[in-house]
Amino acid sequence: MTTTAVPAHSRIEPGILYFGTPVVLLSTLNEDGTPNLAPMSSAFWLGWRAVLGLGARSQTSQNMLRTRECVLNLPSDALAPAVDRLALTTGTDPVPPRKAERGYRYEPDKFGRAGLTPVPSETVAPPRAAECPVAMEAVVEAVHSLADDDDTQRGSVLTFEVRVRRVHVHDEIRQAGTEDHIDPDAWRPLIMSFQKLYGLGPQVHPSTLARIPEHLYRTPDIARARRD
């Protein structure tokens, strides 16, 4: 009889804890009415709500605080070059000192820089990115500051609770024979893990949770979105 040794943990202190989250291209409107497009990956969803973590002084945060609107565009792994073209760019002019230290530069035309096409949204002013297989129009419902317990971080990070009003998808990722289901084997999201870009591999194991009918997760926000 043989036994397999259980690996031991080691204590570490990584500078970031980005163990793997989907990349979001967040489109908002600047004060002059031009669109801004910013890559971010601190996002998660519950029903038709999402929580987004952003630097409080970023152009995107300032736009969302002012307009209370955004679009969450989800790029596929095939769009990794477009996302990377937005790296180290900012819609803030002049470039904030902290970003300047990291090599950021001002870019007034984020869609053009990424090579993506802005198309009109239905319920919000910021445009959608046509090439992204998923685009979710959303409004800001609440804003919370993060790390208020720490004097050095207080006011530097905001979390936005947004409510989705519309979900647009490319037909190629829709489950065959359904109206409202995404095919997980067709949808290949772009993933950020420790500042590097990855795609998904194949399903590794059958999911017991997948036995729960998806309609049981529907919330009143969906009916509310039909009225928006």
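Small disclaimer: the values here were computed from a predicted structure and weren't measured.

Inspection of the entire model under this criterion finds twelve salt bridges. The closest approach of N and O atoms between Arg 166 and Glu 122, which form a salt bridge, is 3.1 Å. Remark: Glu 122 occurs in the loop between strand S9 (118-119) and strand S10 (128-129) and Arg 166 occurs in strand S12 (residues 157-169); sequence separation between them is 44 residues. Glu 141 is the partner of Arg 163 in a salt bridge, and the nearest nitrogen-oxygen pair spans 2.7 Å. On the criterion of sequence distance, the pair formed by Arg 163 in strand S12 and Glu 141 in strand S11 (residues 134-146) is long-range, its members being 22 residues apart. Taking relative accessible area as the criterion, Glu 141 reaches 30% and is therefore assigned partly exposed.

This part covers the packing of aromatic side chains. The geometry of an aromatic ring pair is captured by two quantities: the separation of the ring centres and the angle between the planes. If you walk through the whole model with that rule in mind, you get one aromatic pair. With 5.0 Å between their ring centres and 85° between their planes, Phe 19 and Phe 194 make a pair best called edge-to-face. Taken together, the positions of Phe 19 in the segment before strand S1 (21-22) and Phe 194 in the loop between strand S13 (191-193) and strand S14 (196-198) put the pair 175 residues apart, joining distant regions of the chain. Note on Phe 194: relative accessible area 31%, which makes it partly exposed. Taking NZ or CZ as reference, Lys 99 lies 5.1 Å from the ring centre of Tyr 104, over its face.

Here strand S5 (residues 49-55) shows a buried face lined by Ala 50, Leu 52 and Leu 54 and an unburied face lined by Arg 49, Val 51, Gly 53 and Gly 55. In this sheet, S5 lies alongside strand S4 (residues 43-46) in antiparallel orientation, the contact comprising four bridges. Counterpart to Leu 46 in the pairing with S5 is Arg 49. Connecting S4 to the antiparallel partner S5 that follows it, the hairpin turn spans two residues, and Gly 47 within it adopts a positive phi of roughly 60°.

Within the fold, Pro 118 resides in strand S9. Classification of Pro 118 by relative accessible area gives partly exposed; the value is 42%. Once residues within four sequence positions are removed from consideration, Pro 118 is found in contact with Phe 111, Pro 127 and Arg 128.

Listing the buried residues of helix H1 (residues 59-67) in full gives Gln 59, Thr 60, Ser 61, Asn 63 and Met 64. On the buried face of H1, the contacting elements are strand S2 (24-29), strand S3 (35-40), S5, strand S6 (69-74), S11 and S12. At the exit of H1 stands Arg 68, carrying a positive phi of roughly 65°.

Cut-offs used in this document
- Throughout, a residue's number is its position along its own chain's written sequence, starting from 1.
- Only residues with pLDDT of at least 70 are given local features in this predicted model, and only at 80 or more are side-chain atom pairs given and counted; all residues enter the totals for whole chains, interfaces and linings.
- Side-chain descriptors were evaluated using all non-hydrogen atoms of the structure, hydrogens and water having been removed beforehand.
- Every case where a carboxyl oxygen of Asp or Glu lies within 4 Å of a side-chain nitrogen of Lys or Arg is listed as a salt bridge.
- Numbering of helices and strands runs from the N terminus; a helix is a DSSP stretch of H or I covering at least four residues, while a strand is a stretch of E covering at least two.
- Only protein chains enter the accessibility calculation, which uses a 1.4 Å probe; a residue whose area is less than 20% of its type maximum is buried, one above 50% is exposed, and one in between is partly exposed.
- Put simply, two rings from Phe, Tyr or Trp (the six-membered ring, in Trp's case) pair if the centres are within 6.5 Å, and we call them stacked under 30 degrees between planes, edge-to-face over 60, tilted for the rest.
- Counting as a charge over the ring demands two things of the Lys NZ or Arg CZ atom: a distance within 6 Å of the ring centre and an angle within 35 degrees of the ring normal.
- We treat two strands as partners when DSSP finds at least two bridges between them.
- Here a residue-residue contact requires only that any non-hydrogen atoms of the pair lie within 4.5 Å.

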